[in-house]
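# Breakdown of the fold
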Amino acid sequence: MAKKINGIEVPEICSGYFEYKMSKTMADAIIRSTKEKKNPQTILCDFVNTQLGLKGYCVKVIVEIN
């Protein structure tokens, strides 16, 4: 059974989890481009996990103010 960290479900088999830091400009663009009505944190974590090819699983995105 997958566990939840910061509201994000982490798969049982992964090489660890992490938090990712992103600019506000990038975060806003990703959220605007998404048609789904989801929690913004979920949208950003999904983007990091599927598009950036990082080892591990993102459970939180920290948005920096520009």
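Parameters at a glance
- Residues numbered from 1 in each chain as written.
- Predicted model: local features only at pLDDT ≥ 70, side-chain atom pairs only at ≥ 80, totals over all residues.
- Heavy atoms only, no water.
- Axes fitted to C-alpha atoms, helices over the stretch in contact; angles between N-to-C directions.
- Helix = DSSP H or I, 4+ residues; strand = E, 2+ residues; numbered from the N terminus.
- Parallel < 35°, antiparallel > 145°, perpendicular 65-115°, else oblique.
- Contact = heavy atoms within 4.5 Å.
- Buried < 20%, exposed > 50% of the residue type's maximum accessible area, 1.4 Å probe, protein only.
- Core = buried A, V, L, I, M, F, W, Y, C linked by side-chain atoms within 4.5 Å.

### Concerning the packing of helix H1 (residues 24–33) against helix H2 (residues 40–51)
Packed helix pairs are specified by the crossing angle of their axes together with the interaxial distance, meaning the distance between the axes. Across the interface, H1 lies against H2 with an axial gap of 10 Å and an inter-helix angle of 100°. Comparing their axes, H2 and H1 come out roughly perpendicular. Between H1 and H2, the contacting residues are Met 26, Ala 27, Ile 30 and Ile 31 on the first element and Pro 40, Ile 43, Leu 44 and Phe 47 on the second.

### Thoughts on the environment of Ile 65
Summarising the element assignment, Ile 65 is placed in the segment after strand E4 (57–64). Overall, Ile 65 belongs to the exposed group, its relative accessible area being 77%. In this structure, the C-alpha to C-alpha distance between Ile 65 and Thr 50, residues 15 residues apart in sequence, is 24 Å.

### Considering the nonpolar core
Counting residues in hydrophobic clusters, the biggest one holds 15 residues, and the most contacted among them are Met 22, Leu 44, Val 48, Cys 58 and Val 61. Within the residue set of this core, elements represented by two or more residues are strand E2 (8–10), strand E3 (17–23), H1, H2 and E4. In this view, Val 48 contacts Phe 18, Tyr 20, Met 22, Gly 53, Leu 54, Cys 58 and Val 61; residues no more than four positions away in its chain are not counted.

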